[in-house]
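Structural overview
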Amino acid sequence: MINIFKDKKTFKEIFIDKVESTYAIDFNESNTYQQYVCLGQLLKQHIGKDWNQTRKKEKEMRQVYYFSMEFLMGRMITNNLMNAGVYDVVKETFDELGLDLNEVEHKESDAGLGNGGLGRLAACFMDSVAALKLPVHGNSIRYRYGFFKQKIENGYQVEYPDRWLKDIHVWETRRQEESVDIPFYGHIEINVDDNGKLHVYHKNAEYVKAVPYDVPVIGYHNQVVNTLRLWSAEPSDLYENQGGTFEYHKKLRQISEMLYPNDETDEGKILRLKQQYLFSAAGLNAVLRKHKEIFGTLENLSEKAVFHINDTHPTLIIPELMRVLVDEEGMDWDKAWDITRNCVAYTNHTILAEALEKWPIRLFQPLLPRIYTITEEIHRRFEMELRAHFGENAREVLAMAILKDGMVHMANLAITGSFSVNGVAALHTDILKEIEMKDFNDYYPNKFNNKTNGITHRRWVVQSNPELVSILKDTIGDEWIYDTTKLEGLLKFTNDDQILKRYDEMKLARKTALADKIYKEQGIQIDPTSIFDIQVKRLHEYKRQLMNALHIMHVYNELKTKPEVRQSFHPQTFIFGAKAAPTYYFAKKVIKLINTIAEKINNDSETSKYLKAVFVEDYNVTYAETIMPAADLSEQISTASKEASGTGNMKFMMNGALTIGTLDGANVEIGELVGNDNIFIFGLDAKEVTQLQKEATYKPYDLYLNDPKIKRVIDQLTNGFFTNVPQNEFEEIRRNLLDKDQYYILKDFDAYVKAQQKANKAYQDRTAWLKKSMINTAKSGFFSTDRTMFEYNRDIWHLETIK
Ligand SMILES: *Cc1c(COP(=O)(O)O)cnc(C)c1O
């Protein structure tokens, strides 16, 4: 077979022919969308052999199946061209043809199959395991609608459906022959035959067919192609034969219809539980079927397979595996339990006890009758074990129970049914071990471990920041792409005027690119020589976008009332990007507040050359690729102890932004790496927050009375300061801050203002700032997911690499 991308001439011929024959037109009549589709299809064809080869080589190897409700992939074309090592040939050919590759790449829709950090983490993991030649595959749901598209109308968030599949998805391959029928509802009949063998029948089940769509995950220049398998719900032949009604068709279509736009609480509970069981059971059974084909038995399963669950959403893997081993394979319980626990590993992402996933038994039991009785049996045996260990009425027996208060406690099931539980940053894991999950950690002393999150530097630097790549090439070469600890080599150049100057130019170029995009899309002009102070992440109270907003009001007040402040203040542009869950009323009010502030200050001719604010519409992965390299200051200001890790903080750092933040999540590790002079840390730490919560004596109203700058901004929320909204528009925000302030915004406000002043002043010493910026990039190598995945493999998975 000929290599399509061998050289420009070959590629040009094949590409033109492909476009002309696919669409039955002359090439010069083709549009960028048609060119995109053909480019994608040619690349997919090109890696097809490697994909097949990888699968063959992996066949008898120990493999990991990474189950996650979310994979926030974003666009794949650029990443795929680069990883396959054909980007340059394509780019040069397109230049010769007078086509804009960038424009063609933008024809791909952003695959928003996730809400935020958790889903993006899974996507970065996929890129890194393929780069490291590890046999790891993703499993998730092929949602027909991804995370909603956000528009800002009159300052308010409005949600629109994300129809990302409306045109063809060039990367996927439908593998109908590997479908799995999944039963819901019905009832269970059990009988024991003359030989004492158990027979379990699921009667009157409503079957749904889960059909896999495989997406290739291309390793970086190494011919490895792994698989991301997305499951879609379709009518089952089993059920159709019994006469599927329209109602049945309508209901089943909903299962893979949409992603739940909420990472904290669950709505549409039954549907969400159906989604979880569908992809967990389908993914698992497809693996088991293959395993039996190859090895003829499931007895050696734990030598060959690890099912890694990203948060508790795929926890039903545990009772489902028990069901197969006990009901279908006829294994005795203890042996099946031993295999199951040696196959499953669990990553925890939440600290908030109230955010741990729970399912009401009254919903769970009728929907999944056999899975429920198995869960009950796991619970019963575990409870017996705990009673024997701690004593009949010990506190731990209830604290660690899987079933209690009419609920199935998914985290407790996940911890009991797995061999590894990891947190996602050093601080987060410490809190899990010492506070939230202390009972479990004492009971299973070697099960808990830390794996600090990361980001793939291939997307977040190589693809997104060409100017930085060029500086790195000229200073430390390109070894860092294979081993990011090599970025430290940059430290030798922090006194090199030439390189400092190029760092300055790099930032200016990236800031200009962002400013251009914002102008093009929203018509707002911002000055690339001002400080770009950026907070982009989901909108949530604990992330404290509200504190950032109040600070902007404070700076505005200072600039207005004290002309001398204007002399010492370097102009600063505050940029926000955030989606709020559609039902999260308070979060949406904060969006309205930010837009109201922006409107006021951007139009004040006295101050607008010093201070501006922008809320970018529809923040997603594609947008992030322009935003991350353009920041001077990275806002990571969550209430300490509330952000498990954060990964936005790492993307910014690698691109040379300095962090202004609290000692929360991975900020702690960023601070340790760069040292106190190269980060702006402020506010309460996790211990102090925990202490305050315990005391429950915090009175935000006293701060309002005693700190005039706090009083001023709080009063401005409702005193007519904002002329374009009703005077009570922000009443709830004011009331919340004065009555509760459960995220300690007022408590941390003064420290935040001071940290901001320090950052603004530091920016004015250009050389010193650029040095700090370089140090941040140099020390960021630790946060590559290549390191994270290396550690997962070393400590949890124990896989060999694909040869
Ligand atoms: C990285 C990323 C996130 C996570 O950001 P945090 O600041 O860690 O919460 C969310 N959304 C998108 C689109 C991202 O790229």
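Residues numbered from 1 in each chain as written. Predicted model: local features only at pLDDT ≥ 70, side-chain atom pairs only at ≥ 80, totals over all residues. Heavy atoms only, no water.

Counting its regular elements, the chain contains 34 helices and 25 strands. In terms of overall dimensions, the chain has a C-alpha envelope of 95 × 75 × 55 Å along the principal axes. Burial statistics for the chain: of 803 residues in total, 62% are counted as buried. Contacts spanning at least 24 positions in sequence make up 77% of the contacts within the chain whose residues lie at least 6 apart. By element, 48% of the accessible surface of the chain is carried by carbon and sulfur atoms, the whole surface being about 31,200 Å². (Helix = DSSP H or I, 4+ residues; strand = E, 2+ residues; numbered from the N terminus. Buried < 20%, exposed > 50% of the residue type's maximum accessible area, 1.4 Å probe, protein only. Contact = heavy atoms within 4.5 Å. Areas by Shrake-Rupley, 256 points an atom, 1.4 Å probe, with all protein chains shown as cover.)

Now for the environment of Gln522. Here Gln522 is to be found in helix H21 (residues 497-522). For Gln522, a relative accessible area of 24% gives the class partly exposed. Each C-alpha atom of the pair Gln522 and Thr607 lies 21 Å from the other, and the pair is 85 residues apart in sequence. In this structure, Gln522 is in contact with Val614, Phe615, Val616, Glu617 and Tyr623, ignoring residues within four places of it in sequence. A distance of 3.0 Å separates a polar atom in the side chain of Gln522 from the backbone nitrogen of Glu617. (Polar contact = N/O pair within 3.5 Å; in protein donor to acceptor, adjacent residues only side chain to side chain.)

Glancing now at the packing of helix H8 (residues 246-255) against helix H9 (residues 269-295). The N-to-C vectors of H8 and H9 enclose an angle of 70 degrees; their axes lie 9 Å apart at closest approach. Considered as vectors, H8 and H9 are oriented roughly perpendicular to each other. Along its contact with H8, which presents Lys251, Gln254 and Ile255, the element H9 presents Leu271, Lys274, Gln275 and Leu278. (Axes fitted to C-alpha atoms, helices over the stretch in contact; angles between N-to-C directions. Parallel < 35°, antiparallel > 145°, perpendicular 65-115°, else oblique.)

Turning our eyes to something else, we now look at the UniProt feature "modified residue: N6-(pyridoxal phosphate)lysine" (unreviewed entry) in the chain. As recorded in UniProt, the feature "modified residue: N6-(pyridoxal phosphate)lysine" (unreviewed entry) lies at Lys651. Along the chain, the position of Lys651 falls in helix H26 (residues 648-654). Lys651 gets classed as buried once you look at its relative accessible area, which sits at 7%. Among residues more than four places away in sequence, those in contact with Lys651 are Arg120, Ile455, Trp460 and Met628. (UniProt positions renumbered as here; feature names shortened; annotations may be inferred.)

Near the ligand there are 15 residues, and of these Lys537, Lys543, Thr647, Gly648 and Lys651 occur at the shortest range. Between an oxygen atom of the ligand and a side-chain N or O atom of Lys651, the distance comes to 2.6 Å. Starting from 400 Å² of accessible surface for the ligand in isolation, the protein chains cover 95%. Among the secondary structure elements, those contributing two or more residues to the shell around the ligand are helix H6 (117-131), helix H25 (621-627) and H26. Looking at side-chain class alone, the shell around the ligand contains five nonpolar, six polar and four charged residues. (Near = heavy atom within 4 Å. Nonpolar A, V, L, I, M, F, W, Y, C, P; charged D, E, K, R; others polar.)

Pairs may arise between side chains of opposite charge once their charged atoms sit close together. Per the counting criterion, the structure on display carries 63 salt bridges. Note that Asp795 is salt-bridged to Lys451, the shortest N-O span being 3.0 Å. Of the two residues, Asp795 sits in helix H34 (residues 785-797) while Lys451 sits in the loop between strand E19 (448-450) and helix H19 (457-463), which places them 344 residues apart along the sequence. Judged by its relative accessible area of 36%, Asp795 falls in the partly exposed class. The exposure class of Lys451 is buried, given its relative accessible area of 2%. Note that Glu729 and Lys589 form a salt bridge whose closest N and O atoms lie 2.7 Å from each other. Residue Glu729 is located in the loop between helix H30 (708-716) and helix H31 (731-739), and its partner Lys589 is located in helix H24 (residues 585-602); the two are separated by 140 residues in the primary sequence. Assessed through its relative accessible area of 7%, Glu729 is described here as buried. Lys589 sits in the buried class, given a relative accessible area of 11%. Beyond isolated ion pairs, a larger network of salt bridges with shared partners links Arg175, Glu178, Asp214, Arg229 and Lys290. (Salt bridge = Lys/Arg side-chain N within 4 Å of Asp/Glu carboxyl O.)

Let us now look at the side chain of Asn620. Within the secondary structure, Asn620 sits in the loop between strand E22 (611-616) and H25. From its side chain, Asn620 meets the backbone nitrogen of Thr622 in a polar contact 3.3 Å long.

Within a sheet, adjacent strands bond to each other through the backbone by hydrogen bonds, running parallel or antiparallel. The strand order across the open sheet formed by three strands is E15-E17-E16, and the pairing between neighbours is antiparallel. The open sheet is flanked by strand E15 (358-360) and strand E16 (403-404), the only strands paired with a single partner. Across two bridges, the pairing between E16 and strand E17 (residues 407-409) is antiparallel. Bridge assignment links Leu403 to a residue of E17, and that residue is Val408. (Pairing = 2+ DSSP bridges.)

Moving on, we come to helix H2 (residues 32-58). Taking 1.5 Å of rise per residue, the 27 residues of H2 would be expected to cover 39 Å, and the 37 Å separating its terminal C-alpha atoms lies within 8% of that figure. Of all the bends in H2, the largest measures some 40 degrees and sits at Ile47. (Expected span 1.5 Å × (residues − 1). Bend = angle between axes of the 7 residues up to and from the residue.)

So, on to helix H12 (residues 333-343). Listing the buried residues of H12 in full gives Trp333, Ala336, Trp337, Ile339, Thr340 and Cys343. Seen along its axis, H12 keeps its buried residues to an arc of 165 degrees; they face one direction. Its buried side turned inward, H12 meets helix H10 (301-304), strand E13 (305-310), helix H11 (317-328), strand E14 (344-347), helix H14 (369-390) and helix H16 (410-416). (Arc of directions from axis to C-beta.)

With parallel pairing, six strands are arranged side by side in an open sheet as E22-E21-E20-E23-E24-E25. Each of the sheet's edge strands pairs with one partner strand only, and the pair in question is E22 and strand E25 (680-681). Sheet topology places strand E24 (residues 658-661) next to E25; two bridges connect them, and they run parallel. Paired with Ile660 across the bridge in E25 is Phe680. H24 rests against strand E21 (572-577) and E22 of the sheet, and its axis sits at about 140 degrees to E22.

Before going further, it helps to spend a moment on the side chain of Asn667. Mapping Asn667 onto the fold places it in helix H27 (residues 667-674). Here Asn667 falls in the buried class, since its relative accessible area comes to 2%. Excluding its chain neighbours within four sequence positions, the residues that come into contact with Asn667 are Gln636, Asn649, Gly661, Thr662 and Ile679.

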